[in-house]
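These are the residues of each chain, in order.
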Amino acid sequence: MGTIPDPGELTHPSFDEFQRQTSLMTSCTLLWKELSDHFTCLEQDLLKKSEALRHKIQTLDHQTKESLDELDKREVSIQGSVQIALSKVEKSMEAALKALETEDDENGEVDDGDGLLLKLKSFCLGMDSGGFWRFITGKKKELEALRAKIHLALAECIDPPRFVLEAISEVFPLDKRVEKSDGGNDLGWACVLVLESLIPVVVDPVIGKSRILVTPSMKERAKEIAETWKASLEERGGIENVRTPDVHTFLQHLVTFGIVKREDINLYRKLVVGSAWRKQMPKLAVSLGLGDIMPDMIEELISRGQQLDAVHFTYEVDLLDKFPPVPLLKAYLKDAKKAAAAISEDPNNAGRAMHLAARKEQSALRAVIKCIEEYKLQAEFPPENLKKRLEQLEKVKVEKRKPAAVPANKRTRANNGGPMPPAKAGRLTNAYVSSYPAAPAFVRSPSHSQYPAGVPPYHSPPSMYGSRSPPTNPYTYSPESAPHAGYTYSPEAAPHAGSFPTPPMSYPVYGGYGKPMAPAYQPAYYR
């Protein structure tokens, strides 16, 4: 008779198989869901990219249509613009001939705006670029009046671009002056002023700034000038060492004549960032085509600690959401305070260090207050506390300028019985350092500083004793002939200077009288 199989042996393998199948189905389900989600994401990404491409195509079509319309407009208007330009040239020629026939004395004084304009027009009508340049550079104090009149005068020129290039050729692209007799005066301001004033004269009268009416020959000449300036950068020591007025003139030259090159965009960026503190730089940067990389330029300015300049660039391209101005201004003030604290810690010249530190903080406060008022940020950054701090610094500065009261001095001069001068020089502990051997110790009057033998006498500044008159017979004595150390010399004990024996070494004459020589003290101590 056979044995009955155990039920557990029959059901156990089937349960394990069931568990295996269940686990396999769960894995398949999860894998299917993962694949489904992946394909769904791919489909959504494709739809987004397709929509973006469709939008770009529509934008390009729109821009192409606008460009074609603009070209059609330029083509249609070119004839009218040329006619207007020719008529202006004819009028300018007639006015120039008339001015030559009725030429009066042009060397009279210019007293008002009308006289200034007439003088400028006389140069422009006669195409006297040299006289025009000399007249402009001599009127720097009337800068705003010149700015308002020069473009009106340039409109009278037969060929304004040629006239301007000839006028500024003395200093741009290279300074041809042999002797800068005007105090080494930098005439970059005059170049920028004339180049800016040329823009409204050469813009197309029909379609505006999108077309500059400059003859091909003048445009080529302007390009050659720009290349000459770029080639001279190496001689100037590179971009880092070129002067800001020269940079400003070069960039304005490019914008005025419409000769900006896309391949030089990195050069323009470096020049703009290096001279970003100039007020016109943000607008010039946009005109140079740097608008697309302006965020990177602003970040670079912030990293260089030029937060205030970054604020001006931010407003020019309307990036206030990305670069909020108030945090930048606060960071600028914080950095300025740190720099002022570092300056004030100079141990070699504490008085001057404190003065320079206060000046730096004052400058930063004034710049931030002006920026707040310019961009109407009073609600976000109230300037009252800044103004109070500025007043405190200015008050301290004024108090330091007040002369200190000189206490009454009972000492008398040895020669005439008058009061001794104040002992200012003798109070300086580090006033003089010598490599000569030390002289014997003497207890002298505090009004004199002790000098070793062989050192030239100290020439006291006249301002040391105020309005007091100097002594007429200064006394003398010598360390070599002096008594032992510890001897006290008293003016009261000497009847007169002549009674002191053997005086081979002379003390300096008070008040600058006698033989002049260089002072041993720095003038900065006498303030």
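Above this text is the structure in question.
Not measured: the values here are computed from a predicted model.

Moving on: the overall build of the protein. Counting its regular elements, the protein contains 15 helices and two strands. By the burial criterion, 33% of the 527 residues in the protein qualify as buried. Surface accessibility of the protein: about 33000 Å² in total, with carbon and sulfur atoms responsible for 56%.

Right, let's get into the environment of R304. Within the element layout of this structure, R304 appears in the loop between helix 11 (294–303) and helix 12 (307–317). The class for R304 is partly exposed, based on a relative accessible area of 47%. Separated by 31 residues in the primary sequence, R304 and V273 place their C-alpha atoms 9.9 Å from one another. Discounting residues that sit within four places of it in the chain, R304 has contacts with V273 and G274.

Attention now moves to the packing of helix 5 (residues 160–168) against helix 7 (residues 216–231). The N-to-C vectors of helix 5 and helix 7 enclose an angle of 25 degrees; their axes lie 10 Å apart at closest approach. Considering the angle they form, helix 5 stands roughly parallel to helix 7. For the element pair helix 5 and helix 7, the recorded crossing hand is left-handed. From helix 5, P161, R162, L165 and E166 reach across to helix 7, where they touch M218, R221, A222 and I225. The residue inventory of the contact of helix 5 with helix 7, partitioned by class, reads five nonpolar, no polar and three charged.

Turning our attention to a nonpolar patch on the surface. Judged by side-chain polarity, L31, L35, F39 and L42 come together as a nonpolar surface patch covering roughly 370 Å² of accessible area. Relative to the helices and strands, L42 resides in helix 1 (residues 7–101). Its relative accessible area of 36% is what places L42 among the partly exposed residues.

Here we come to the nonpolar core. Membership of the largest hydrophobic core comes to 84 residues, with the highest contact counts inside it found for F132, L154, L251 and F313. For this core, the element with the highest residue contribution is helix 6 (residues 188–202), accounting for nine residues. For L251, the residues in contact, after removing those within four places along its chain, are Y268, L271, V272, M281, L284 and L288.

The periodicity of an α-helix, 3.6 residues per turn, causes residues three or four positions apart to be oriented the same way. Taking 1.5 Å of rise per residue, the 14 residues of helix 8 (residues 244–257) would be expected to cover 20 Å, and the 20 Å separating its terminal C-alpha atoms lies within 8% of that figure. In terms of burial, helix 8 is largely enclosed, as 14 of its 14 residues are buried. A positive backbone phi angle near 60 degrees is found at G258, which sits one or two residues after helix 8.

Conventions and cut-offs
Residues numbered from 1 in each chain as written. Predicted model: local features only at pLDDT ≥ 70, side-chain atom pairs only at ≥ 80, totals over all residues. Heavy atoms only, no water. Helix = DSSP H or I, 4+ residues; strand = E, 2+ residues; numbered from the N terminus. Buried < 20%, exposed > 50% of the residue type's maximum accessible area, 1.4 Å probe, protein only. Areas by Shrake-Rupley, 256 points an atom, 1.4 Å probe, with all protein chains shown as cover. Contact = heavy atoms within 4.5 Å. Axes fitted to C-alpha atoms, helices over the stretch in contact; angles between N-to-C directions. Parallel < 35°, antiparallel > 145°, perpendicular 65-115°, else oblique. Left-handed = near helix turned anticlockwise from the far one by under 90°. Nonpolar A, V, L, I, M, F, W, Y, C, P; charged D, E, K, R; others polar. Patch = residues over 30% accessible without salt bridge, like charges linked within 9 Å, V, L, I, M, F, W, Y side chains within 5 Å. Salt bridge = Lys/Arg side-chain N within 4 Å of Asp/Glu carboxyl O. Core = buried A, V, L, I, M, F, W, Y, C linked by side-chain atoms within 4.5 Å. Expected span 1.5 Å × (residues − 1).

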